[in-house]
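Overview (structure and organization)
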Amino acid sequence: MASSFSPDQKKAEDDAEVQSLRDGDLRATETFVRNHAPWMLALARRILKDEAQAEDAVQNAFASVFQNLDSFEGRSAPKTWIHKIVVNQALMLLRKRNRLQEEPIDDLMPVFDENGCRFEDPWTVLETPETIFQQSQAQKHISALIDQLPDAYRVVLILRDIEEMSTADVADALSLSEANVKVRLHRARAALKRLLEPLLRGDAI
Amino acid sequence: MSKKPKSMMRRIHGMMFKLPLMITCEQFEDFILAYLEDDLPKRQKMLFEIHLKMCRECREYLEAYRTSIELAKDAFTPDDANLPDEVPEDLVKAVLAARDT
Ligand SMILES: [Zn+2]
């Protein structure tokens, strides 16, 4: 939704959008659904890794948006508010599948010797994102590697590093302490680094 | 990653990281997240940076760690310009039908 409007104009537009939804204007509602559904679906897909469930999450999210229109106070942009709702709906479905249990990812963690010294093979080559993304399959390959992380870690990585939510908001959404979110984020990143290592060391996909 | 036999260098590191103002790689590991968020208290930040200077393993590890975060962001970043406009019609219909009742 790139917009060249000034913040004031954007705000006025957002307010008008929410107001026409409150009025129950069906045409405005349809426009609203078509405008927001694509990014909501993309977000739900990232969290759930399942098309049908992603659509369910988005449908539930719209229902929740409409139900709570009156309590939306316009202190944040509607998109921020809707984002939170989609995340919560998607996480709810993920929880239903029992997929948020903490699973061990020890195999992907860094290794130290008995003195606390790190084992790390020398990096003679460290590719940059620019060179890696020159390979046409890079994006797909990296998404697939992220998807290999256990959900409890993957979700934290997606919400913090990709969706750029705050630690506090992620803790809230997952009912975890902030300290726990930080631990999981670090482990998720360390595990992902291990999974990405061949790519980073210059192996072709 | 292969565990090589313990080299002389590794033994020296092991001893060195026990000296004052030194932390081990394992302690370094625990500081990484806070360091990247600029959340480390002054003294720990200093210890972290000393270790970073002295330890090839952690320096390269951190570089790769950072690059992989970038890769994840770039591969997955929500980019509205790249979103398909297609919304499944069933979904739109279901949402509107639910709204109508
Ligand atoms: Zn080290």
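Anything mentioned here points back to the structure above.
What comes next is a walk through the structure. These numbers come from a predicted model, not from an experiment. (Residues numbered from 1 in each chain as written. Chains lettered and ligands numbered in written order. Predicted model: local features only at pLDDT ≥ 70, side-chain atom pairs only at ≥ 80, totals over all residues. Heavy atoms only, no water.)

1. As for the overall build of chain B
Formally: Elements are defined by DSSP. Helices are runs of H or I of four residues or more, strands are runs of E of two residues or more, and each kind is numbered from the N terminus. Only protein chains enter the area calculation, which uses a 1.4 Å probe; residues under 20% of their type maximum are buried, those over 50% are exposed, and those in between are partly exposed. Two residues form a contact once any of their heavy atoms are found within 4.5 Å. In these tables, accessible area is a Shrake-Rupley quantity obtained with a 1.4 Å probe, and a residue counts as shielded only by the protein chains included in the view.
The helix and strand tally for chain B stands at five helices and zero strands. Helices and strands in chain B line up, N terminus first, as α-α-α-α-α. Every one of the 101 residues in chain B was classed for burial, and the buried ones make up 41%. By sequence separation, contacts in chain B at least 24 residues apart represent 55% of the contacts at least 6 residues apart. Accessible surface, chain B as shown: approximately 6,100 Å² in total, 55% of it carbon and sulfur.

2. Let's talk about the pattern of salt bridges
Residue and element names in this part refer to chain A. Using the following cut-off: Every case where a carboxyl oxygen of Asp or Glu lies within 4 Å of a side-chain nitrogen of Lys or Arg is listed as a salt bridge.
All told, the structure shown has 22 salt bridges over all chains when counted by the stated rule. The closest approach of N and O atoms between R34 and E30, which form a salt bridge, is 3.0 Å. Taken together, the residues span about one helical turn, with R34 and E30 both in helix α2 (residues 26-48) at a distance of four residues. Looking at E30, the relative accessible area reads 31%, which means it is partly exposed. Where salt bridges share partners, they join E120, K193, E197 and R201 into one cluster.

3. Concerning helix α6 (residues 138-147) of chain A
Which entries qualify depends on this criterion: In this description, the arc belongs to the directions extending from the helix axis to the C-beta atoms.
Turning to α6(A), its buried residues number three or more, namely A138(A), I142(A), S143(A), L145(A) and I146(A). Viewed end-on, α6(A) has its buried residues packed into an arc of 160°, placing them on one side of the element. As for α6(A), its buried residues are in contact with α5 (129-132), α7 (151-162) and α9 (178-200) of chain A together with α4 (56-76) of chain B.

4. Regarding the packing of aromatic side chains
So the rule is basically this: In this analysis, rings of Phe, Tyr and Trp, with Trp reduced to its six-membered ring, are considered paired at centre separations within 6.5 Å, and the interplanar angle assigns stacked below 30 degrees, edge-to-face beyond 60, and tilted for intermediate values. A ring is considered to have a charge above it if a Lys NZ or an Arg CZ atom is located within 6 Å of its centre and within 35 degrees of its normal.
As enumerated under the stated definition, the model contains seven aromatic pairs over all chains in all. Taking the centre distance of 4.1 Å and the plane angle of 10° together, the rings of F28(B) and F48(B) count as stacked. Here the residue F28(B) occupies a position in helix α2 (residues 25-36), and F48(B) occupies one in helix α3 (residues 42-54), the gap between them amounting to 20 residues. Take F28(B) and F48(B): they sit in the same class, and that class is buried. Through a chain of ring-to-ring contacts, three or more aromatic side chains come together here, namely F32(A), F62(A) and F66(A). The ring of W39(A) carries the charged tip of K79(A) above its face, separated from the ring centre by 4.8 Å. One cation-aromatic arrangement involves R201(A) over W123(A); the distance from NZ or CZ to the ring centre is 3.8 Å.

What is shown is where atoms sit, not what they do.
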